[in-house]
Each structure stands twice: as C-alpha cells, then as structure tokens.
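Residue-level structural notes
Here is what each chain is made of, one letter per residue.
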Amino acid sequence: MNSSSIVVLTGAGVSAESGIETFRGPKGLWEGHSIDEVATPEAFLKNPKKVQTFYNERRKKLLMGSVFPNKAHLALAKLEAKWPGTVLIVTQNVDNLHELAGSKNVLHIHGSLLEARCTQTDKVYFPWKEAILKTTKCACCDLAGTLRPNIVWFGEMPFELPRIFEAIEQSSWFISIGTSGQVYPAAGFVEHARLHSKATTVELNLEPSMLSHLFADKHYGPATETVPDYIEGLLLESTSM
Ligand code: BV8
C-alpha cells in the first residue's frame, strides 16, 4: 500500500483553459494593470476604489456562470479521491475551480476572490460574492469602508506557509502545474523539496518555467493534456505497488 503523500502547487496556467487569464502571458492580467497600482497594500491605501474595482471585476467574471473547472482540475480531484496517501493542493490562484472540481484538501496561499476580510477585526467572510464598494458595511463593525479582498498582495505574508513547508518535507512527490515560477515564496517550494524532502519533483507547464532546471521530471503542453496523462500514470503505478 503506497501511503506516500503528494503536494501539488498550481498557478494561473491550470485555470487558463477555463478562460481565466494568466498574469504574465500574452494579454495577461499584469499587461493590463500595474502590480503597483492594484496588488499592493500601498495601492489600496492610495486608491482603494481602483483596487476594489480590479477585484470586483475578477470576482464577477468568476461568478458569471461561464467559468468551469477544466480536465486538469478534474484530474487533480480524481487523484485526491483515488491516491492511497494524502494529496494537498497548494494553489496560488484566487479562483475556486479546484473546489468546484471536487478537490477538498486545498490551501489558497494567496487568498481567494470569494473571501472578504474586515481590516478592523481581521474577520474573514466566506463566501463573499458581491462587489466590495466604499458603502459596503461589514457585519462585525457595522461600518462602511472596512472590507478588503482576502487576497495576499505583494509585500504581504502569504497564508499557511508553516503547514505548506511541513507538507513538502513529508512528501514523496512535488508537482508544480501552470506557474511561471516568478513569485516568491511559492517559487521557492521546489528548492525546499529538493533540499528537505525525498520528493520526486515534477513540472507540468505550457512551456519551461524560470525554474524548469530544478525539476527531475518535466512535461510541457496544455494542462488539460499533461495533467490527466501524468495522473493516470501515477494512479496506475500506485495500484501496482
Ligand atoms: C512576500 C494575489 C514577504 C494577487 C499574488 C519587495 C517587497 C516585498 C516582497 C518582495 C519584494 N520584491 C520581491 C518580493 C517578493 C514578492 C515577489 O515574489 N515578487 C516577484 C514579482 C519578484 N513576493 C511577495 O511579495 C509575497 N510576499 O514575499 O512576503 C514578507 C515577509 C515577511 C513579512 C511580510 C511579507 C506575496 C506574493 C503574492 C502576491 N499575490 N496574487 C492577485 O491574484 O491579484 S501573486 C500572483 O502571481 C498570483 O497569485 C499568481 O498565481 C502568482 C504567480 O503567477 P503564476 O500563477 O505563475 O502565473 P503566471 O501568469 O506568472 O504564469 C502562468 C504560467 O502558466 C506560465 O508559466 C505559462 O506558461 C503557464 N500556462 C499558461 N497557459 C497554460 C499554462 N500551463 C499549462 N496549461 C496552460 N493552458
């Protein structure tokens, strides 16, 4: 019985074929917006309306009813259901497509579009589906203007890092899917796996990322092809152990 654990890191590339644009590709999110204007605490202080609008538009698109999990998300949910050990998905994405596909063990290291947080009490509201406006009141303070997206901006501490590092250290597989490997500390996870675990490191991406040289196994192409293929192979292997 193979009780080895798997840690999967996902980035924007796993949601690209569901119609959610990535950050750093052609027509990427950061092409249309400057990180410094919409994804830092300073930007939020300087122009809260601009930042709230950036996230309100992304939340609205996610909830429009035309964005669905793709075959990569579904294959990852099947892996979690059928793998004899634990499977943890650490996602940099702020969409809910892993959960909609059926994955249960998901950590959002950069937060979620469907969560709002009160800046006075740090209370997190989930699910949060409405636009956050300057007139929007939080239930904890009954004040307008206290709510922000529960998203980790640049310069802010990502969520659940101790738990993620521990899971990587205990893992037998570290699989990175659809990420350019440009944002830390997530981009440092593969190095952590190499230094502090016995994990086989795997990159599944459209093309080699900035960190492709750090991976023992790599397969390139659309996630809806590479991920189901790779997971089929893993599951076959687990039944023969
Ligand atoms: C931190 C939420 C420390 C927002 C995001 C100065 C000051 C402070 C920190 C720093 C600094 N300088 C550098 C840093 C560190 C900084 C950082 O890494 N900056 C980079 C730009 C150099 N990191 C941080 O600030 C982090 N915090 O360090 O805190 C600290 C310590 C103590 C106390 C306090 C703080 C916080 C980083 C989190 C930022 N928030 N997201 C939002 O979503 O709006 S990051 C953002 O980038 C997204 O989360 C995204 O997920 C993430 C990574 O991008 P990717 O997912 O990789 O997406 P990308 O478009 O880049 O690539 C897509 C890939 O998919 C490509 O490779 C493509 O080939 C592939 N692909 C495309 N299509 C497909 C595909 N693959 C398969 N199939 C397809 N069909």
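One can find the structure itself at the top, above this paragraph.
Residues numbered from 1 in each chain as written. Predicted model: local features only at pLDDT ≥ 70, side-chain atom pairs only at ≥ 80, totals over all residues. Heavy atoms only, no water.

1. Topic: the site of the ligand
R24, R58, T179, S180 and E207 are the nearest of the 33 residues found near the ligand. One nitrogen or oxygen atom from the main chain of G155 is found 2.7 Å from an oxygen atom belonging to the ligand. With respect to the ligand, the side chain of T179 contributes an N or O atom lying 2.6 Å from an oxygen atom. Protein chains shield 74% of the accessible area of the ligand, which is 1500 Å² for the free molecule. (Near = heavy atom within 4 Å. Polar contact = N/O pair within 3.5 Å; in protein donor to acceptor, adjacent residues only side chain to side chain. Areas by Shrake-Rupley, 256 points an atom, 1.4 Å probe, with all protein chains shown as cover.)

2. Some points on the nonpolar core
Among the nonpolar cores identified, the biggest contains 22 residues, and I6, I175 and V227 are the most heavily contacted of them. Listed by contribution, the elements that provide at least two residues to this core are β1 (6–10), α5 (71–82), β2 (87–91), β7 (173–177), β8 (200–205) and α9 (223–239). It is α9 that provides the largest number of residues to this core, a total of six residues. With residues up to four places along the chain from it excluded, the contact list for I6 reads L79, W83, T86, V87, L88, W173, I175 and L234. Among the nonpolar cores identified, the runner-up in size contains 20 residues, and V90, L161, V190 and A193 belong to it. (Core = buried A, V, L, I, M, F, W, Y, C linked by side-chain atoms within 4.5 Å. Buried < 20%, exposed > 50% of the residue type's maximum accessible area, 1.4 Å probe, protein only. Helix = DSSP H or I, 4+ residues; strand = E, 2+ residues; numbered from the N terminus. Contact = heavy atoms within 4.5 Å.)

3. A few points about the packing of helix α7 (residues 161–169) against helix α8 (residues 189–196)
Running from N to C, α7 and α8 cross one another at 45 degrees; their axes reach a closest spacing of 9 Å. For the element pair α7 / α8, the angle class is oblique. Here α7 runs over α8; the crossing is right-handed. Judged by residue contacts, L161, I164, F165, I168 and E169 of α7 engage F189, H192, A193 and H196 from α8. (Axes fitted to C-alpha atoms, helices over the stretch in contact; angles between N-to-C directions. Parallel < 35°, antiparallel > 145°, perpendicular 65-115°, else oblique. Left-handed = near helix turned anticlockwise from the far one by under 90°.)

4. What about the sheet that holds strand β3 (residues 106–108)?
With parallel pairing, the six strands of this open sheet are ordered in space as β3-β2-β1-β7-β8-β9. Bordering the open sheet on either side are β3 and β9 (217–220), each of which pairs with just one other strand. Averaged over all adjacent pairs, the angle separating strand axes in this sheet is 15 degrees, with direction ignored. Relative to β9, β8 is paired through four bridges, and the arrangement is parallel. By the bridge assignment, V202 is partnered in β9 with D217. Running at roughly 135 degrees to β2, α7 makes contact with β1, β2, β3 and β7 of the sheet. (Pairing = 2+ DSSP bridges.)

5. Details of the state of the cysteines
All told, the structure shown has zero disulfides when counted by the stated rule. Unpaired in this structure, C118 has its nearest cysteine sulfur neighbour in C141, at a distance of 3.6 Å. On the accessibility criterion, C118 (0% relative accessible area) is buried. C140 takes part in no disulfide bond, and the closest cysteine sulfur, belonging to C118, lies 3.6 Å away. Classification of C140 as partly exposed rests on a relative accessible area of 33%. (Disulfide = S-S within 2.5 Å.)

6. Here's the deal with the packing of α5 against α9
Viewed as axis vectors pointing N to C, α5 and α9 meet at an angle of 15 degrees, and their least axial separation amounts to 8 Å. By the angle between their directions, the pair α5 and α9 is classed as roughly parallel. Crossing of α5 against α9: the hand is left-handed. Across the interface between the two elements, K71, A72, A75, L76, K78, L79 and K82 of α5 pack against A223, T224, V227, P228, I231, E232, L234 and L235 of α9.

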